[in-house]
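# Per-entry structural report
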Amino acid sequence: MCVIVALFYSMGNAALKQHYETASKTGVLQISDYKLKEIPDDVFNLAEQLRNLDVSKNKITNISDAISELKHLKQLNLSSNMIQILPSSVENLKKLELLNMSFNSLTSLPPAISSLSNLKQIYLNNNKIKKFPMEILGLPNLEVVELSHNKLTEVPSGMSNLFAAELNLSQNEISVLSEDLSQAPRLKILRLEENCLSLDAILPSLLRDSKIHTLNVDGNLFESKQLASLEGYNEYTERYTAMKKKMF
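Below: a short report on this structure. (Residues numbered from 1 in each chain as written. Predicted model: local features only at pLDDT ≥ 70, side-chain atom pairs only at ≥ 80, totals over all residues. Heavy atoms only, no water.)

A tally of regular secondary structure across the protein chain gives four helices and 11 strands. Referenced to the eigenvectors of the C-alpha coordinate spread, the extents of the protein chain come out at roughly 70 × 40 × 40 Å. Taken over 248 residues, the protein chain has a buried fraction of 48%. Counting contacts in the protein chain only where the partners sit at least 6 residues apart, residues at least 24 apart contribute 34% of the total. Surface exposure of the protein chain reaches about 12800 Å², of which carbon and sulfur atoms provide 51%. Taken as two groups, the 26 positive and 28 negative side-chain charges of the protein chain have centres that lie 5 Å from each other. (Helix = DSSP H or I, 4+ residues; strand = E, 2+ residues; numbered from the N terminus. Buried < 20%, exposed > 50% of the residue type's maximum accessible area, 1.4 Å probe, protein only. Contact = heavy atoms within 4.5 Å. Areas by Shrake-Rupley, 256 points an atom, 1.4 Å probe, with all protein chains shown as cover. Lys, Arg positive; Asp, Glu negative; His and termini not counted. Charge placed at Lys NZ, Arg CZ, Asp CG, Glu CD.)

Written out as structure tokens, the structure is:
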């Protein structure tokens, strides 16, 4: 049995070495599903080359501050691990455009996230986040925010500084939407399926004054067709129709 384990270990190391050699030339390193408990030191030796790092589907629990060395990264995939805390040292990843932290055990984000001005996509679904991550507000290039399958109970004030075009809040426990959600300047797609929203939680301003053309509310405390009874619904349907026409 020991011989077999040693053989698999050796094969795994050989495979990793090949990945590192390839990454030194391509700038892309994918070492998912290797049962890694931490990001290997060899990864940080590639700091000058790496643009895309995928260490998803491992058993990583902690991210060392050495992550700050990967200053050229544009994409970082840490999904499907056991990470509870994202270190403040991520603030040095100034070129990061995509951060995937889905399927972990995060309860919050560090303030350092607010310094990632090039971030376009952030995936935080399937974590244990109880409060909306205010750290993403003000990020100027944000396009997609994925927060489904968490423990959120409300969308707080401050959404006029949310620059994302798409926000997914489905499968949470949300019962309150902030009054300024309609003021999110670029928000066009809002997903709120399977929450705890009552019909009166959908404020007229969200339908009338926002730029939202796709609003998904199935699985709440009212029937989706009841939206038609709300003030502002006609303005919302006009945006939805215009969007559909552009697609064809």
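Before going further, it helps to spend a moment on empty space enclosed by the protein. Any empty space left between atoms is shown by rolling a water-sized probe over those atoms. Within the structure shown, the criterion is met by one cavity of 30 Å³ or more. Reported here for the largest cavity is a volume of approximately 40 Å³. Of the residues belonging to the lining of the largest cavity, the class tally is four nonpolar, three polar and one charged. (1 Å grid on protein atoms, 1.4 Å probe; cavity = no way out; pocket = protein on both sides within 12 Å on 5 of 7 lines; lining within 4 Å. Points joined across faces, edges and corners; volume = space filled by probe spheres on them. Nonpolar A, V, L, I, M, F, W, Y, C, P; charged D, E, K, R; others polar.)

Inside soluble globular proteins, nonpolar side chains tend to come together where they are buried. Core analysis: the largest hydrophobic core is formed by 72 residues, its most contacted members being L70, I136, L162, L169 and I202. Among the secondary structure elements, those contributing two or more residues to this core are α1 (2-26), α2 (41-44) and α3 (204-208). Among the elements that make up this core, the one with the highest residue count is α1 (three residues). Contacts of L169, omitting those with residues within four sequence positions, involve F132, L147, S148, L152, V155, I174, L190, R191, L192 and N195. (Core = buried A, V, L, I, M, F, W, Y, C linked by side-chain atoms within 4.5 Å.)

Along the chain, the position of N168 falls in strand β8 (residues 166-168). Accessibility expressed as a relative area gives 13% for N168, which makes it buried. Within the structure, the side chain of N168 is placed 3.1 Å from the side chain of E146, a separation counted as a polar contact. Side-chain polar atoms of N168 contact the backbone nitrogen of S170, separated by 3.0 Å. (Polar contact = N/O pair within 3.5 Å; in protein donor to acceptor, adjacent residues only side chain to side chain.)

This paragraph deals with unusual backbone geometry. One non-glycine residue, D33, lies in positive phi territory at about 60 degrees. Relative to the assigned elements, D33 resides in the loop between β1 (28-30) and α2. Phi is positive for H149, close to 55 degrees, though the residue is something other than glycine. With respect to the helices and strands, H149 occurs in the loop between β6 (144-146) and β7 (154-155). Residue classification places H149 among the partly exposed residues on the basis of a relative accessible area of 38%.

This is a description of form; function is not addressed.
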